[in-house]
Number of protein chains: 4
Amino acid sequence: MAHYGAKVVVPIDLKKKPWEQKHPLHNRWHPDIPVVAEVKDGEVFRVEMVDFSGGGITSDYSAEDVKHADQSIVHYLSGPIRVVDKETPAMPGDLLAVEICNLGPLPGDEWGYTATFDRENGGGFLTDHFPCATKAIWYFEGIYAYSPHIPGVRFPGLTHPGIIGTAPSMELLNIWNEREREVEENGHNSLKLCEVLHSRPLANLPSTKGCHLGKIKKGTAEWEKIAKEAARTIPGRENGGNCDIKNLSRGSKIYLPVFVEGANLSTGDMHFSQGDGEVSFCGAIEMSGFLELKCEIIRGGMKEYLTPMGPTPLHVNPIFEIGPVEPRFSEWLVFEGISVDESGRQHFLDASVAYKRAVLNAIDYLSKFGYSKEQVYLLLSCCPCEGRISGIVDAPNAVATLAIPTAIFDQDIRPKAGKVPIGPRLVRKPDVLRCSYDGNLPTTKNPAASM
Amino acid sequence: MAHYGAKVVVPIDLKKKPWEQKHPLHNRWHPDIPVVAEVKDGEVFRVEMVDFSGGGITSDYSAEDVKHADQSIVHYLSGPIRVVDKETPAMPGDLLAVEICNLGPLPGDEWGYTATFDRENGGGFLTDHFPCATKAIWYFEGIYAYSPHIPGVRFPGLTHPGIIGTAPSMELLNIWNEREREVEENGHNSLKLCEVLHSRPLANLPSTKGCHLGKIKKGTAEWEKIAKEAARTIPGRENGGNCDIKNLSRGSKIYLPVFVEGANLSTGDMHFSQGDGEVSFCGAIEMSGFLELKCEIIRGGMKEYLTPMGPTPLHVNPIFEIGPVEPRFSEWLVFEGISVDESGRQHFLDASVAYKRAVLNAIDYLSKFGYSKEQVYLLLSCCPCEGRISGIVDAPNAVATLAIPTAIFDQDIRPKAGKVPIGPRLVRKPDVLRCSYDGNLPTTKNPAASM
Amino acid sequence: MAHYGAKVVVPIDLKKKPWEQKHPLHNRWHPDIPVVAEVKDGEVFRVEMVDFSGGGITSDYSAEDVKHADQSIVHYLSGPIRVVDKETPAMPGDLLAVEICNLGPLPGDEWGYTATFDRENGGGFLTDHFPCATKAIWYFEGIYAYSPHIPGVRFPGLTHPGIIGTAPSMELLNIWNEREREVEENGHNSLKLCEVLHSRPLANLPSTKGCHLGKIKKGTAEWEKIAKEAARTIPGRENGGNCDIKNLSRGSKIYLPVFVEGANLSTGDMHFSQGDGEVSFCGAIEMSGFLELKCEIIRGGMKEYLTPMGPTPLHVNPIFEIGPVEPRFSEWLVFEGISVDESGRQHFLDASVAYKRAVLNAIDYLSKFGYSKEQVYLLLSCCPCEGRISGIVDAPNAVATLAIPTAIFDQDIRPKAGKVPIGPRLVRKPDVLRCSYDGNLPTTKNPAASM
Amino acid sequence: MAHYGAKVVVPIDLKKKPWEQKHPLHNRWHPDIPVVAEVKDGEVFRVEMVDFSGGGITSDYSAEDVKHADQSIVHYLSGPIRVVDKETPAMPGDLLAVEICNLGPLPGDEWGYTATFDRENGGGFLTDHFPCATKAIWYFEGIYAYSPHIPGVRFPGLTHPGIIGTAPSMELLNIWNEREREVEENGHNSLKLCEVLHSRPLANLPSTKGCHLGKIKKGTAEWEKIAKEAARTIPGRENGGNCDIKNLSRGSKIYLPVFVEGANLSTGDMHFSQGDGEVSFCGAIEMSGFLELKCEIIRGGMKEYLTPMGPTPLHVNPIFEIGPVEPRFSEWLVFEGISVDESGRQHFLDASVAYKRAVLNAIDYLSKFGYSKEQVYLLLSCCPCEGRISGIVDAPNAVATLAIPTAIFDQDIRPKAGKVPIGPRLVRKPDVLRCSYDGNLPTTKNPAASM
């Protein structure tokens, strides 16, 4: 019997550690991480992946693993994969069009988690409000996810890889390291008050701790050299990477710039579902999974289609096309935020502050329907909600909105006239898993802000 | 023959000035602006409105009116309208649910404009790149708009009022004035470099210049007092106002907090269409128009449904529900921006910088298809594109995206392999209307940034 | 002040009768009905129209007008309109592309009705089950319609003209008259039992009774000649006509064959909303209204794009493109019917019988939620439900489905486990308006079928 | 490591024949076919299935297997599965809600076929026009299918099981056999001319030939008895069965009446994609596949929610809810048909004739774009096109429409003014696989009809 289906180029055995896989995983960006497979232009191939933590965060009903999560090892990526057109590899200056033909969880591993890190260990968008580590486990019923820790909610996944990118050239890598070091070192001078209030790292610079480089053996001179240079995978950058664009699901196409011969495509951090912003940081429904991909090399496409937006020709960004198959929601409840912070202070056209306010507004609102605020925070981080920049020009207020599909709830969450008070009747139990927070919260002049 | 249809509570005669209308318009927020009409809970009523400029910007094929636009008179609003439930007016602490039953341009006035102000006279999101005043005229063919100044593009409008809000109480008005004065006065200390580079006003404080207060006669003592206190309509705030949420179209519902007896609802700034962000500032397809509205008073709803997010119980934001009738697009091309600016400098999780990059990337890309950059800037400001906050936690890069529906173009704008170079073949003529810029642009270390 | 907007080519004064209008209306198809206006290719123009009955059915709360409705006068059409490209008219063999730029009710006349005719006076799809005349009045709140006679339901209209078509040539008219006379005369031999059971007319042949021919004066020799030849407007045919395609709303395009010089476009029978099948016959939300249209002549397009599907080159059908703006529903409840009739008798792949069963199943089901069957019959006739041919090949059963958007109800109409019995609690009052039926119903062997 | 995912209750080994599987398949409906598995209310379980032909039709590039296909063996079903709620089985009178949590092709078998049978061996909806056996092979790239035999077309699948149903009781089975025998025996008297013209069987009565009954051994007395009584699976009936409702995809819910203890759910005939009507008969993209299902028993739900539409309480039909995840198309080209047949003869409100005309119109139209008519016939049978009953009351013409999403083509298929003739330029090669037809076609008075 003939085999019809995608060739598996990176298999995963979930009983093994990330570095024990047939093609050992990597968790840094560097041009010298060795290629593990080669695919041809037009060929459909399958890449499997572990969850971003490589199994560090488990399906146990405890948030201890989240509290002590090792931030140095994120994210385990599958690849790099070399792409060739007949015999010629993709070359710097080309554009690599990667189509996501299919994707999903790995069979038999159909669960995921959403979490917030401890304020002292990574935090999240609202870490000043929610400093302690929390976790919710999600189980999948085909297209749907539900969590015993956030009852009364069920939604279809808009599944996507959080990370997909090409390898940077050394030149690009140097640009990254330089500019991120600059913000790390001098950040406090140039940052606004609201941003330095919380203790999250300003950047994540190269570090040998926790570094994995695929086939390159740990501790060798080669490993030492690369580990010191290789960029962390946390931020999205010119090569794509951790874009966390929640609509990159089935049928999407990603146009990635090629910086090294062969393109050296890597991918990981599969999300069963994510809200725009991924606000809780460990914030999608994180899982292991597979991608079926098809690549096309657009020769010279980088110059033809992308324009450098900075000092060098490398300052470009990928382009995306959204696929035709998505969950269809018809009703949305929309929360607004303006760039006035919780202390009442006015910020100038700051979309980050406005979005924070929109998210906080939504959390408060939904907590009236029987949820703890931690439940809503995790929910808004992983459900298919849309975060929009609505107005960015009407000084001094940026307006951001957060739209939530009402169909994900088993109750009608819209405001209604003549209703009896909502809160008391509807206590949802149980709650998210959580750990205590041992640090000190910043003092603010607004008691309301501590919630 | 019986009349079936909405009662007109604020009629507009386009041959008259805003202050000559039967119910003279106002362009400030203040609790003492006199009510012009009263409507009942559940009744469908019609409010007509002028364009935001009150006819100051015309359908002439010249950008001179934009260059010398009087910023002190924006935006002319219809109302205030008092809302009562049987005999009892809406009261502070209530929530006013306003349903948009229908809306559109005024018959016989089916055209609009999109513009950028001169850098010295209001500017826009990208004013450092596009300092001169420009204008494009749009004509409507039923649901569609097209512009002779941006050829090859046609799209159905997602029509909405840019401004809808309730009157603030004096207490709330004082909060606004205080916090905005603070940013105006001390802004430069707390702002980042990129923000002070451009000369746009940091806030728009009360000013008697250009002030209109409806029935209150200009120059009287009452007028003087109110004009000095009344808030400008430019930013969106706790009362709704200039939210510029592009999806507030037919069938939407807006839940506004009530701060004064009667709610005193005002609305204006009709947009035939707008992109998320309204980036060019005078950026929607601005037009005159009408709204058919239906109000419901949710007694005590402010406390029941909204939570103060600041030092006082007034620090709340409206909630919205999106309506069921919208243009349906299936294919989107998505541009990404990260929080690295045009000079290559890294910013920390700044969504405004990331969105700016996404917009600039899109402008560059589309200009390869025969358009001038000014054409694309205006187009992205007014077409139904979506601006998203995709990732806001992956330090140091915020990721923002701009999604453009491909169906609005008469050509295929997706990247393609093997294509002959695009630019030379496809010069689109004519161009936007424009005026020269007489000021000085800031110097930057990145020549690419000046485009 | 310049006028921007569609030129009105056929105005309607609702205080006048159809034959008293500035451009008197017509209710027959014939090449010699005189043109009332001329429009140019590319020009947007406005056509106003009365409801199909020309005011014969009123907003009174009584079904008497429906019971005694004069079937000879349907449908009053606006036109014919001659279409020219520069100076050259559309010619036989061309294709006329008509874009619906906008449409809606006439201002101040924002109401409509849905009805079933008496079994002896036109009947409907289910006339054996529902023999008496009924009526429901609908009022519009912008995009929404609601009826005091069918409480608990509200939906956005998918507004469209029931009739739009070009004038037939004499040759085509003769073909129509011949083939319809044949079915009228010999129908009983070739028809199946189920079809002759009910007494609805088999065809509607030309008749001078009730005939209106626009500007041609009644009683003249010319009028007599044309009235005897002119086709009734009831069935859809090669020229388009009464297609009742519910999705021909804003932005749709209709490609009509041209049979006479100038095309002679006529339109009427505006529907605020209609379900697929328009099952109750007088079954949409019937109303007066306006269309804004734009025509394009595709020279030689009839031969280029249409293929005759019968003995002559005239046996063609129009083509349609659906517009981009429609109400968006995400949840549908679907009822199925197979081609076994109410007596239990098997029919061979008969989609009409299967659809009848699907509609009857839906009526029974929804009547469990507090509605009378007559309420549901009218509702399914006019709400935006979809009638599908799901399987047409699996002998002996055709499978047809009727999908109903659940969001139009103010209650959850899905089956639920553990619910208390539904019926008793939920009696919806009041009911449709109705008249008694004085005729005799056919006897059937199945008592259930009489409902 | 724990296993998270659906329990496999019916596994398929594609290297084995249908009757050699661990749980041997069946291809008839009968209450006494033995249960192969038991599932609990609320549990997610996985059912695998062969394609309807059980491997009889292969991926070979030849239509010989289609020409000589054994019609007696269709369709191989997986099951029956017994459903229990705690310890109590579903009982007659209950309603079984079956949710489709997920579904797809079997891994490694990601291909399918669409075919027409020979006129003398099953035929199809248009067998008089297309009498010979044809076949097209489709390959899957994740969500997309493409066929080397129908070039220039690619579309995402709206995957669904063609067949899902509960076992009939003996009483219901007798009703089926009686009414279908009646049409088989007396059909010619009651059928219209157009229907007897083609030689397709009028019904498919029980036959021992090709019969498979799962675990019951062929040739035993028990087998003989059941095989003589058991209903063929070809038509959809009261138990669901071969409904071929193309939207029963991920997230759909099917409410099936329960006629026997345990419900005895069977399913099969997986379709990667199908058009409404499945016009070519072997007409979907037929494939092997899997379903992940979750059942809920609604006690007493048959009486509560379904109303008998015939002489006995068993004359009911299932209800369906469509799921939230479907391919999203925004542009449709719509073809219309009226109930006038190819000879020009008028039929009375016959939706089957009207739909036939709509399909023939679409075939003719699309064949102008470089396709053979056989290619289009197969394409319309399996692509996600929608078949609607638009008007069913305007005597004498039923109006049916066929809407095709334009995005599935790699060229613009809409009519255009000023185009050079289409046909000659665009010959699509290669063509469908086909066999010669050795029978005689019926003579008709219309030469056009033979195409």
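Residues numbered from 1 in each chain as written. Chains lettered and ligands numbered in written order. Predicted model: local features only at pLDDT ≥ 70, side-chain atom pairs only at ≥ 80, totals over all residues. Heavy atoms only, no water.

As annotated in an unreviewed UniProt entry, chain A is Formamidase from Gossypium darwinii.

1. Looking at the packing of helix H6 (residues 351–366) of chain D against helix H7 (residues 373–382) of chain D
All names here are of chain D. Packing of H6 against H7 brings their axes to within 9 Å, and their N-to-C directions diverge by 130°. Between H6 and H7, the crossing angle belongs to the class labelled oblique. In this structure, H6 crosses over H7, and the sense of that crossing is right-handed. Seen from H6, the contacting residues are Val359, Ala362, Ile363, Asp364 and Leu366; seen from H7, they are Lys373, Val376, Tyr377 and Leu380. Split by residue class, the contact of H6 with H7 holds seven nonpolar, no polar and two charged. (Axes fitted to C-alpha atoms, helices over the stretch in contact; angles between N-to-C directions. Helix = DSSP H or I, 4+ residues; strand = E, 2+ residues; numbered from the N terminus. Parallel < 35°, antiparallel > 145°, perpendicular 65-115°, else oblique. Left-handed = near helix turned anticlockwise from the far one by under 90°. Contact = heavy atoms within 4.5 Å. Nonpolar A, V, L, I, M, F, W, Y, C, P; charged D, E, K, R; others polar.)

2. Looking at the interface of chain B and chain A
The partner chain A presents 102 residues to the 103 residues of chain B that form the contact. Between chain B and chain A, the buried area comes to about 8800 Å², and carbon and sulfur atoms account for 56% of it. It is Tyr305(B), Met309(B) and Phe348(B) that lose the most area in chain B upon contact with chain A, and together they represent 10% of the buried surface on that side. Run the count over chain B and chain A and you get 41 residue pairs in polar contact (both at pLDDT 80 or more). Take the side of chain B that touches chain A: its biggest share by element is eight residues, from helix H6 (residues 351–367) of chain B. Residue classes in the side of chain B that touches chain A are distributed as 49 nonpolar, 24 polar and 30 charged. Of the pairings in the sheet, the one linking strand S18 (residues 319–321) of chain A to strand S20 (residues 332–338) of chain B comprises three bridges and is antiparallel in character. Of the residues in S20(B), the one forming a bridge with Phe320(A) is Val334(B). (Buried area = accessible area lost by both parts, 1.4 Å probe. Polar contact = N/O pair within 3.5 Å; in protein donor to acceptor, adjacent residues only side chain to side chain. Pairing = 2+ DSSP bridges.)

3. Some points on the interface of chain D and chain A
Contacts between chain D and chain A engage 36 residues on the former and 36 residues on the latter. Regarding the contact of chain D and chain A, the summed buried area is about 2900 Å², with carbon and sulfur atoms giving 54% of it. Ranking the residues of chain D by area buried against chain A places Tyr4(D), Pro324(D) and Arg328(D) at the top, with a combined share of 24%. Summed over the shared surface of chain D and chain A, the result is six salt bridges. The residue Arg154(A) makes a salt bridge to Glu99(D) at a minimum N-O spacing of 2.9 Å. Here chain D and chain A share 20 residue pairs in polar contact (both at pLDDT 80 or more) between them. Residue assignment for the side of chain D that touches chain A shows that the elements contributing at least two residues are strand S7 (95–104), strand S9 (134–141), strand S11 (154–156), strand S19 (289–298) and strand S21 (325–327) of chain D. Split by residue class, the side of chain D that touches chain A holds 16 nonpolar, nine polar and 11 charged. With three bridges connecting them, strand S19 (residues 325–327) of chain A and S21(D) associate as antiparallel partners. Its bridge partner being in S21(D), Val325(A) is matched across the sheet by Pro327(D). (Salt bridge = Lys/Arg side-chain N within 4 Å of Asp/Glu carboxyl O.)

4. Notes on H6(B)
Residues and elements named next belong to chain B. Its 17 residues give H6 an end-to-end C-alpha distance of 24 Å, which sits within 8% of 24 Å, the value for a rise of 1.5 Å per residue. In terms of residue burial, H6 counts as a mostly covered element, since 17 of its 17 residues are buried. The N-terminus of H6 is capped by aspartate 350, whose side-chain oxygen sits 3.0 Å from the backbone nitrogen of serine 352. (Expected span 1.5 Å × (residues − 1). Buried < 20%, exposed > 50% of the residue type's maximum accessible area, 1.4 Å probe, protein only.)

5. Observations regarding the relation of the copies chain B and chain A
Laying chain B over chain A is done by rotating through 180° and shifting 0.0 Å along the axis; what remains is an RMSD of 0.0 Å. The two molecules are tied by a two-fold rotation axis, judged by turn and shift. Relative to the rotation axis, the closest C-alpha in chain B is found at Arg388(B), a distance of 2.2 Å. Most of the interface of chain B is mirrored in chain A: 99% of its interface residues are interface residues there too. (Least-squares fit on C-alpha atoms with pLDDT ≥ 70 in both.)

6. Digging into the relation of the copies chain D and chain A
When chain D is fitted onto chain A, the two copies agree to an RMSD of 0.0 Å after a turn of 180° and an axial shift of 0.0 Å. A share of 100% of interface residues in chain D that are also interface residues in chain A marks the association as one of identical surfaces.

7. Concerning the side chain of His212(C)
Relative to the elements of secondary structure, His212(C) occurs in the loop between helix H3 (193–196) and helix H4 (221–229). Excluding residues that lie within four positions of it along the chain, His212(C) makes contacts with Trp19(C), Leu25(C), His26(C), Asn27(C), Arg28(C), Tyr76(C) and Lys218(C).

8. Here's the deal with the domain arrangement of chain A
Interface size is often expressed as the accessible area that is lost when the parts come together. All names here are of chain A. What the domain assignment reports for chain A is domain 1 (7–321) and domain 2 (332–434). Taking only C-alpha atoms into account, the centre of domain 1 sits 27 Å from that of domain 2. Across the contact, 44 residues belong to domain 1 and 36 residues belong to domain 2. Carbon and sulfur atoms make up 66% of the surface buried where domain 1 meets domain 2, a total of about 3100 Å² over both sides. Interface area lost by domain 1 to domain 2 is led by Phe125, Phe130 and Asp276, which between them contribute 18%. The tally of links from domain 1 across to domain 2 stands at zero salt bridges. Elements that contribute at least two residues to the side of domain 1 that touches domain 2 include exactly strand S7 (111–116), strand S8 (134–141), strand S10 (154–156) and strand S16 (281–286). Class assignment for the residues of the side of domain 1 that touches domain 2 results in 22 nonpolar, 15 polar and seven charged. (Domains from an automatic or database assignment.)

9. Digging into the state of the cysteines
Residues and elements named next belong to chain B. Throughout the structure, instances matching the rule amount to zero disulfides over all chains. The structure places no disulfide on cysteine 101, whose sulfur is separated from the nearest cysteine sulfur, that of cysteine 295, by 9.3 Å. Here cysteine 243 is not disulfide-linked; the sulfur of cysteine 295 is the nearest cysteine sulfur, at 16 Å. (Disulfide = S-S within 2.5 Å.)

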